[in-house]
Each structure stands twice: as C-alpha cells, then as structure tokens.
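Survey of secondary and tertiary structure
Now for the letters of each chain:
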Amino acid sequence: MKWFWLLLFIPAFLFAAESIEKHPEWDQGYSKKIREYTTDPQFMTDLVDHLPASDKVPSPEKFNGYIAGAPDQLTYAEDVYRYMRALEAATARVKVFSIGKTEEGREMILVVVANEETIANLDRYKEITRKLSDPRKITEEEAAKLVQQGKPMYWLTGAMHSPETGSPEMLMELAYRLAVEETPLVQGIRDNVITMITPVLEVDGRDRQVDLVRWKQANPDSIQPPLVYWGHYVSHDNNRDALGMTLRLTQNVLKTFFEFHPQVLHDLHESIPFLYISTGTGPYNAWLDPIAIDEWHRMAYHEVQTLTEKGLPGVWTHGFYDGWAPNYMFWIGHGHNAIGRFYETYGNSTPKTMDRVVRDASQRDWFRTNPPLPKVKWSLRNNVNYQQSGVLTALHYMAENHEHFLQTFWILGNRAIAKAKTEGPAAYVFEANQKRKGQLRDLLNLLRVNGIEIHQTDKPVTVKLDWPPKKPEEKKEGEAKDKKEEKKEPDSATFSAGSYVVRLDQPFSRLADALLDVQYVRGDERVYDDCGWTLGYSKNVEWKRIVNQEILMTPMHEWSPQAPGAPPEAKGKIVAVKNYADTDLIRLRYALSDAKFSVSEVAWKQKTTEWPAGSVFISLEGADSKNVVNALASTSLEYSILDTVPSIATHPMPTPRLALLHTWVDTQDEGWYRIALDELHVPYDYISTQGVSGMQDLRSKYDVILFPPAGVLSDVSEIVNGMPSGPPMPWKKTELTPNLGVDETDDLRPGLGLSGVQNIKKFVEDGGLLITVRETAQWAVQYGLAKYISTVQPQKLRASGSIMNAVFTDRKSPIAIGYDEMLPVYYAAFPIFKIGIFDNREAEKRPSGRGSLKDPDVPQGRPYVDLPEKPKPGPGEEGFQPADESSSRFDPYIPRMEERPRVILSFPKEADQILLSGMLDGADEIAGKPLIIDSPLGKGHVLLFANNPMWRGNTQGNYALIFNAIFNYQSLGIGWPPK
Ligand SMILES: [Zn+2]
C-alpha cells in the first residue's frame, strides 16, 4: 500500500466534508447538489461527496438533466443504456455489450469499466479467467503465471427487484466516476480490476416502476397503484430462479458469466436499513467450499469496518438471510467458484425524500454494533451514497488483492475437482432405461447449461454401494434386529450401457452435488426460503448417489444432446405411446392439437410388449401422419405404430378450452404457472377475478379453469373482496404509463365478488373443471365450492418449502395415470385438508372418571352398557367402507357417495416416511392427510391441491398431475363412486 492511501482511511467524522471550492478538479454544480440532496452529512463519505469534472465525458447530470439520486427523478432502463453508450463513445475506458433480451423484448446490457489498456485487451483477460476456471487443463505453474498476468472481474447488478429503485441511478454515477476520477483509489481500481455493471436486471419491471412514479407525479392526490407485475411472469421470485433457469434474466446472466468468468457477482438490493452486507445467519449451504464462505465474511467485515470508520451509521452484516438455498441469482457465482454476495440498502421505493421510522433494525446487536438511527429523513441520494461507498470499498479491496481473487478462483476450481476423491461422493448416476426419459433429458440439459459435464457409460457397469467396504460388525447376543437388516438394502447397483454419469471430479462439482443431493434442515432453523430441492425428486426420475470411486474408472464418453433421429415410416392405423406422466407427452399433445388422442383404461399386451393402463393412442386415420411421426421422433417417448386398433376400453384425450385465472392482489405464484404453460406451448386465456365476476356463462367459453396459488393474502376472503375500496387505481398502458401491462384494469381494487363465486360454481355444475391450489383451494373450501372438506390449522408443523413423499390412494382416478405408487411433491406447510362431515375430535374425548384415557366410563348404580359405534369414516379416512351407501337414504345430513370428496394423493400414514428432502417437524400433523382431492359438484369437478405442482420451474415431475386432470376433464368420474 502506498503511503498516501492511508489518508483515505482517516475517519470522515474527524473533519467536516471537504470544501468544494478547494477542488477545481471537481464538478462544482454536481458536487453541490450531492450535498444538497443528502439529508445529513453523516450519510455521505469522502468517496461520494463530490463528482470529478470532465470536459470530455458527460456526467449523469449533463446527459439526463439531473444528478444520480436527485429527488423525484428515476431513469428508464433505455435512458440508462443511452447514458452508458454515451460514456462508451466518450472514453476508451468504457465498453458496452448487449447480453440478451427480456421476455417482453427489452434489452439487457453489460458495461465494462477499466483502464484503456485493459479495455483494449479485454479478450486476453477473458481468456485468462476462462483458463483459470478449469484447473484440469493448466499446470500449477501456468496458473501462477496467469494469476500474475490477469485481472479479477467484479460484476455489479442493479434493479433485480423493481421497487428497489436506487441502483441504476447509482451505477450510472459509478461508471462515470470509475472512468474519470484521478484519485489513487479510483486509479487503483481502474488499473487492477475489471468492473462489470449490469445497471438493470429486471428491465420490464424497472420500466413499469418508473411509469408508476410518473403516474403518481401527475396524480399527486391519488394513491400510487402497487407494482402488481414486475417482470412478465414473476415479481420478487425473479432472484429464486437459479435452480430452474426459466427466466430470461437468469439465462442471460448465466450465459454472460461463462463469457467472462468473473470472480465476484454482487446484486444490489434495497430493503432493510441502512446497509446490510450479506453473509447470513446460517444454515449455510452444506455443499459450498469453506473457503468461499470465508470470503463472504472477509469481504463483508472489511466493508463494515471501513464504512464505519468513514462515519456511516447502520452498516452491518450477518443478521438477515440464511445462506442455504442455491436458488438465488448470485448462485450463478457461488456455483461456479466465484463469490456471490448482495447488499440491502435503505430505499424509499419512490424518489421522494421521506421521514422514515426504523424499528427493530435500529437496535444494537452483536452483529450490528453500529445500528441504524431509529428515525430518519431519507432521500434517494442517501441510498446512492451508501451503495456507492460500499461498492467503491469492495472494488478497492479487490484492487489491493487482485492476485488473491484470481488465485482463490483457481483454488476453488482445483478443490472442486478433488472432491470426488476427498469428501465424495464420486458421482451421481442416472439409469438410461427409465420411464421418464424426457424429464431426465431436461434435467441433464439443465446441468449442462450450468457448465456441468455429463458422461455416458460405454457398457453395463455394476458398482458396490458400500465404499469403502465396511467391516462386518459382530452382533451382540440378544440385540434386536434393526429395520435396515429386516429390509435388506441392495449392496450394489447395476446400470446399463448408455447410463448418465455426473462425475464429481470436475470444476463445478459442488454445484452438481448441491443440486442433486438430499437436504436435511433442522426444524428449529430460521430459514429464509425453500429448504429442499433435490432435482432427481422434483423431476421424478431415477438416480443414485455413488460414493464408490470405481464408478469413475468405468469406460465412458462425454454426452451432449442429440438431434432427433429420423422418424419411422408413417404407415399404420394408430400410434400407441407409453404414458409415464412425462412432460414430453404434454408437449406432444399440444404439438398435435388437431390429432385425435385417446387414453386406454386398461393394461394390454401387443405381441411381447406390455402396455400399461393410461397408454395413449394417436389415430393416423385422417391425420397428417407424417406430422405425427415427426413430432413423436423429437420426443423421448416410447411408442409403436400399429396396423390394427386394439379393441380395449378407451376415452378421448382432448385439449380443452383452458383459462388461467388470476387475482389483482398478487400475481407472482400464478406467474410460475404461466411460464410452465408457455414453455409447454399450451394455449390458454388469461382472465382475472374481476372479469369472472361479470361472466355469467363461463361454461360456454371454457372447459377448464386453472386457479393457481394466490400468493400473499391476509385472508382468502381477499380473493372475493379485493383491496379496500377507494379512488380507482388503474393498471393500464397509457401515454404516461406505456410499460404497464401483462393484463389491464381500470381499477386494481375490486375482487371476484360473490357474483364471481356464483359464476364459477355454475361453471362447475355445468360440467366444467376448476383446479385450485393452496390459497385458492382453501378459498374453494370456505366459499362452499368443495363440500365436506375443511382445512386444519397446524399447531407445531414446520415444513418450509420441502420435498415430501406422497402416495396415490386412489389409482383409478385419471389423475394418477402414468405415475408410480409413490411421488415426490413440493409442499410448504400449508394447507392441511381434513375430509368428513362430522368433527370426531369431541367424540374421542371421555368424561373424567375411573381408569385411563382409553378406559370406558362406568356410571355407578346400574349395569354397564357399551357406547354405540363411532360415526363411520368418510372417503379418505382410515377404515372407510366404499359400499356404505345405506345411511344417506335415511339421514338427510349424509351426502350420497357420488357427491363425496375423493382423495387421490395423500401423505404416507407413517410420519417418518414423509420427508424426502428439506425440513419437516411435527410430521404427525400431516401423516395420512390428503394432498389432492377431487370434489364432485353438479356435472363437474373441483380439484384441490395442498402441494404446489408448478413451482419456480422446479417441479416438472408434478406437471402431469395438472395435465392428467385437463386432458381427462370429461372422464374424472372414472372409478367413482367406488364399487
Ligand atoms: Zn431485493
């Protein structure tokens, strides 16, 4: 460190802010405005209390007409880009790249800032980080040389969350400052670091948020409408997509990550005061290298200490967010041997200066020894000051330690390659011959997109599962046999030739392990998001975790997806397709929407081939048969072209008219349904609760209404009542708000109304199918659409987003078609369904008296008489007798069998059999409880899901539950009432 840099570490509070006039090299007007818009000098540091002047490079003020963080000013993404491109045109220290488009066609960009030499030789620096990313291909000596020659890259991303508005403003000023300022600190950054900036991640949402702020400015007496849509599909969840990779912003960042291989990926968020620097409370992700975790702490504490020295109140770490799930955007860094991190600064959401009250977070704690002030006047400029002071400190730290960052990057890769032989496991293996090959292919492709190599075995292989082999244990005399011994688990596994191997001796082995392994989270952990995600479960494919290193020695070659083979000759009458509830069959059905599909109701045999019940027939008669076989050839389905139509019972498999229903309260969770439907090319109408309130004849337009989870509600009555009444809050494209959309309304406030409930009820009674999930299922119960069902309040259940085992209790229902007996499902602690007309809990109690709880009560002074039998259990309850129809003929309160709810999928009855991956405490509250219920109503059906079958692009193994219902909506009554 050169001596004069020490000056920068003299605490700011030791002297008042430098007088602007003393610095002719500063932009006088801009610097004055910084101080004017900062509400108190203590919210400013010497790093950002001024802006250097330049007669060549335009400042944000020269270009936009206002400084970064000016009151009442927010910049549209395209204007941010125009500014960045103006910088690029004015200085050889800035370069702008286009990195892709959003769902709505808006551009995403990357801005690179460094000294002229670095920018001119950017390709060479990219080559260095690329080489360091795969230590298998370079020697240790080469790596040491590359570490000396290279420059680490630090990627800052802004406006991931659209109501968090400060970062794009800050990043414009940062890019200018890094390009222009001639202080030793900035020169050090420019010479030693390649700063990467994506000013706006969620571009669609940013522009909508700026629209709303403009609307409010034009309508000062009205209430600003909430940002009901952020991106095209989801809102806050847009940074929980690193597991599913379904959103464009995640895909674009991942693709760009592999082009540059940066060492840090840093998201800029705004919520808690004043600057939280990420480390997290734990549990930390158990698959990360401890060195990576140490880097979070080292960097966070460096910034906490430096900024505290500079006098900023409220800079802290640790006490927010956990560090567990690998679904965050910055996991694109963590998963690829870089450091992923984030800030939360204090934002007002709008650019207005406001009086804010800070409650809990203003309390001193061991991790927050310098807490925020309990109340504060807060401006957008304060927010810009905090973000920028933090980021400059982080960049300076990287500049000072530039070799360390490149070396750590290489070390992390090296240790990941050694993983298979040090801590293990050696590999994950997916048997080639399994039922759901389409879902397996999608899983393998997801890994490949993440840079994980997949291999295929050249010949069959058998590996011992016990590794290293255990010494036979001596049995003690009289010791009880344990369960394992009784159930004798296989001691080896055999895989056929062509099976898929994910070797864990590759640079991103820890990401592969984190995605494919099973999670265990203690019930008393304070977790921030999902706890379990095991991809093999969520895609419902067969997989094995292999510890035995011999698997790595078996002959294998690298796998890449193959182009579809030549289709067979389209000669024959009918195609039979095996149905294992694979999403490829859903794709096929919609790709051939004009073809005639039917479903077999029984198993059958053709020559030597066994065809399970639920197999699908596609008629070639009168169809474009060439088109049919071409579509089939592009799937991974098993099929045969037959010359004769088998004479077995079938029913039609149509593509019914589908509507997807949303509220105006929260559109996020239904967004994951839209993205799943769009990805499968399923056509549907997107309708709102407000629209349905006035549609008296829904049945004439639709066959199936899918009402996905309604997200964060204060109560399910909000679906009906909408928001509190008041002046209209429009959500519409206008000249003032050109970016609002996805759906439109004149007023966000009204809900479904009781007329809407009535219209949906009539729709079902007239033969329609209504599919409800979580909140909307509870709504269907509370508003009388699903009868003889209640929901139970959990008392001690702890099950944050985890993968649970489920068992089909009624395999005759078409919803079970193609599935095995057991199915992993995603469940998040709500709801718990209970079936039955009577509340049996009272009956289970006994009066205080002699004996124990289980003893009968014996009144004194007369002979003892037994109690009558308990009410007979209903469908789905233990001991249910299907033939028991008689009582409904005598008792007006007992429903006829065909009107009773039908339980299709349930939790296992044994509490210890439920959890597959994640967290589960209090399992006895859900043991044996229904997950999917088909509730008949008139000529139609209401389907209720407690599990969420379409969640964040992760639950592909459950998609067919929804589509089995859709394709068989006319045939759901098969097998009901039970005979
Ligand atoms: Zn955020």
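Quick notes on the rules
- Residues numbered from 1 in each chain as written.
- Predicted model: local features only at pLDDT ≥ 70, side-chain atom pairs only at ≥ 80, totals over all residues.
- Heavy atoms only, no water.
- Helix = DSSP H or I, 4+ residues; strand = E, 2+ residues; numbered from the N terminus.
- Rg over C-alpha atoms; globule rule 2.2 N^0.38 Å.
- Buried < 20%, exposed > 50% of the residue type's maximum accessible area, 1.4 Å probe, protein only.
- Contact = heavy atoms within 4.5 Å.
- Donors = N, O, S within 2.8 Å, 3.2 Å for Na, K, Ca; no water.
- Tetrahedral: all angles 85-135°; square planar, octahedral: opposite > 155°, others 65-115°.
- Core = buried A, V, L, I, M, F, W, Y, C linked by side-chain atoms within 4.5 Å.
- Expected span 1.5 Å × (residues − 1).
- Pairing = 2+ DSSP bridges.
- Axes fitted to C-alpha atoms, helices over the stretch in contact; angles between N-to-C directions.
- Salt bridge = Lys/Arg side-chain N within 4 Å of Asp/Glu carboxyl O.
- Right-handed = clockwise from strand over helix to strand, strands pointing away.
- Left-handed = near helix turned anticlockwise from the far one by under 90°.
- Nonpolar A, V, L, I, M, F, W, Y, C, P; charged D, E, K, R; others polar.
- Phe/Tyr/Trp six-rings, centres within 6.5 Å; stacked < 30°, edge-to-face > 60°.
- Lys NZ or Arg CZ within 6 Å of the ring centre and 35° of its normal.
- pLDDT = per-residue confidence, 0-100.

As a further point, take the overall build of the protein chain. In terms of helices and strands, the protein chain carries 28 helices and 36 strands. Compactness check: the protein chain gives a C-alpha radius of gyration of 31 Å against a globular reference of 30 Å for 979 residues, within 12% of the reference. Going through the 979 residues of the protein chain one by one, you find that 59% of them count as buried. Considering only intrachain contacts with a sequence separation of at least 6, the fraction spanning at least 24 residues in the protein chain is 79%.

Bound to the zinc ion on the protein side are His161 (ND1), Glu164 (OE), Glu164 (OE) and His269 (ND1), at distances that span 2.1 to 2.4 Å. Around the zinc ion sit 4 donor atoms; with metal-centred angles ranging over 55 to 149°, the donor geometry is irregular. Read in sequence order, the donor residues coordinating the zinc ion give the pattern H-x2-E-x104-H. The same class applies to His161 and to Glu164, which are both buried.

Looking now at the nonpolar core. Formed by 176 residues in total, the largest nonpolar core has its most connected members in Met84, Leu132, Phe430 and Val502. Membership of the second largest hydrophobic core comes to 114 residues, among which are Ala581, Phe597, Leu748 and Leu931.

Compared with the 18 Å implied by 1.5 Å per residue over 13 residues, the 18 Å span of helix H10 (residues 248-260) between its first and last C-alpha is a close match. Considered for burial, the residues of H10 that qualify are Leu249, Thr250, Asn252, Val253, Leu254, Thr256, Phe257 and Phe260. Looking one or two residues beyond H10, the residue adopting positive phi is His261, at roughly 55°.

Ordered in space as E23-E18-E22-E19-E24, the 5 strands form an open sheet in which the pairing is antiparallel. The strands lining the two open edges of the sheet, one partner per strand, are strand E23 (639-642) and strand E24 (650-652). Within this sheet the neighbouring strands show an average axis-to-axis angle of 25°, counted without direction. When strand E18 (residues 574-577) meets strand E22 (residues 616-619), the two strands line up antiparallel, connected through 4 bridges. Paired with Ala576 across the two strands is Phe617, which belongs to E22.

Okay, unusual backbone geometry next. Of the consecutive residues Phe830 and Pro831, the connecting peptide bond is found in the cis state with omega at -10°. The step from Trp976 to Pro977 runs through a cis peptide bond, and the omega angle for that step is -5°. Of note in the backbone geometry, His261 takes a positive phi value of approximately 55° without being a glycine. With respect to the helices and strands, the residue His261 is situated in the loop between H10 and strand E5 (264-270). A residue is classified by how much of its surface remains accessible, and His261, at 7% relative accessible area, is buried. Positive phi values are uncommon outside glycine, yet Arg774 reaches one of about 50°. Following the sequence through the fold, Arg774 ends up in the loop between strand E28 (769-773) and helix H25 (775-782). By relative accessible area, which is 15% here, Arg774 ends up buried.

Evaluation of the coordinates by the stated rule reveals 61 salt bridges. Here Arg952 makes a salt bridge to Asp237, at a shortest N to O gap of 2.9 Å. One end of the pair, Arg952, is in the loop between strand E36 (940-945) and helix H28 (959-967); the other, Asp237, is in the loop between helix H9 (203-218) and H10, with 715 residues separating them in the sequence. Judged by relative accessible area, Asp237 falls into the buried class, the value being 4%.

For the rest of this paragraph, the subject is the pairing of strand E25 (residues 658-662). Buried residues dominate E25, accounting for 5 of its 5 residues. Alternating residues of E25 divide into Leu658, Leu660 and His662 and Ala659 and Leu661, and every residue in both groups is buried. Bridge count for E25 against strand E27 (residues 704-707) is 3 bridges, and the pairing is parallel. Across the sheet, the residue bridging to Leu658 is Val704, located in E27. With 4 bridges connecting them, E25 and strand E26 (residues 685-688) associate as parallel partners. For His662, the partnering residue across the bridge sits in E26 and is Ser688. Read from E25 through helix H21 (residues 668-679) to E26, the crossover connection turns out right-handed.

Along the polypeptide, Ala242 turns up in the loop between H9 and H10. On the basis of relative accessible area, Ala242 is assigned to the buried category, the value being 8%. Sequence separation between Ala242 and Asn450 is 208 residues; the distance between their C-alpha atoms is 9.5 Å. Those residues in contact with Ala242 that sit more than four places away from it in its chain are Thr250, Pro326, Asn327, Tyr328, Met329 and Trp331.

Right, let's talk about the side chain of Thr75 for a bit. By the element assignment, Thr75 lies in the loop between helix H2 (60-64) and helix H3 (77-90). Once residues within four sequence positions are removed from consideration, Thr75 is found in contact with Asn64, Tyr66, Val80, Glu169, Met172, Arg206 and Val210.

With their axes 10 Å apart at the nearest point, helix H5 (residues 122-133) and helix H6 (residues 140-149) run at an angle of 145° to one another. The handedness of the crossing between H5 and H6 is left-handed. In contact with Arg124, Tyr125, Ile128, Lys131 and Leu132 of H5, H6 contributes Ala143, Leu146, Val147 and Gln149. Looking at side-chain class alone, the contact of H5 with H6 contains 6 nonpolar, 1 polar and 2 charged residues.

Now for the packing of aromatic side chains. Under the counting rule described, the total for this entry stands at 43 aromatic pairs. With centroids separated by 5.1 Å and ring planes inclined at 65°, the aromatic side chains of Phe43 and Trp378 adopt a geometry described as edge-to-face. In this pair, Phe43 is assigned in the loop between helix H1 (28-37) and H2 and Trp378 in strand E10 (residues 375-378), connecting sequence segments 335 residues apart. For the ring pair Tyr428 and Trp543, a centre distance of 6.3 Å and an interplane angle of 40° mean the geometry is tilted. Of this pair, Tyr428 sits in strand E11 (residues 427-430) while Trp543 sits in the loop between helix H18 (535-538) and strand E16 (544-546), and the two are 115 residues apart along the sequence. Trp543 gets classed as buried once you look at its relative accessible area, which sits at 19%. A connected cluster of aromatic rings, assembled from ring pairs, spans Tyr276, Trp316, Phe320, Tyr321, Tyr328, Phe330, Phe342, Trp366, Phe367 and Tyr528. Between the NZ or CZ atom of Arg356 and the centre of the ring of Tyr346, over which it lies, the distance is 4.3 Å. Looking at Lys578, its charged tip hangs above the ring of Trp611, at a distance of 5.4 Å from the centre.

Where burial is concerned, most of helix H17 (residues 509-516) is hidden: 8 out of the 8 residues are buried. Of all the positions in H17, only Ser509, Arg510, Leu511, Ala512, Asp513, Ala514, Leu515 and Leu516 are classed as buried. At its buried positions, H17 is contacted by helix H12 (331-334), helix H14 (402-418), E11, helix H15 (437-449), strand E15 (500-503) and H18.

What follows concerns the confidence of the model for the protein chain. Across the protein chain, pLDDT averages 93, with 93% of residues at or above 70. Taken together, the stretch residues 10-15 has pLDDT below 50 and engages in 7 contacts with residues farther than four places along the chain or on a different chain.

Let's shift gears to the sheet that holds strand E6 (residues 275-277). Here 8 strands make up an open sheet; going across it, the order is E1-E2-E4-E3-E5-E8-E6-E7 and the pairing mixed. Edge positions in the sheet fall to strand E1 (94-101) and strand E7 (315-317), since each of these pairs with one other strand and no more. Here the strands of the sheet are splayed against their neighbours by 20° on average, with no regard to which way each runs. For E5 and strand E8 (residues 339-345), the ladder comprises 7 bridges, and the chain directions are parallel. For Leu268, the partnering residue across the bridge sits in E8 and is Tyr343. Taken strand by strand, helix H13 (residues 380-400) contacts strand E3 (153-157), strand E4 (194-198), E5, E6, E7 and E8, and its axis lies near 155° from that of E8.

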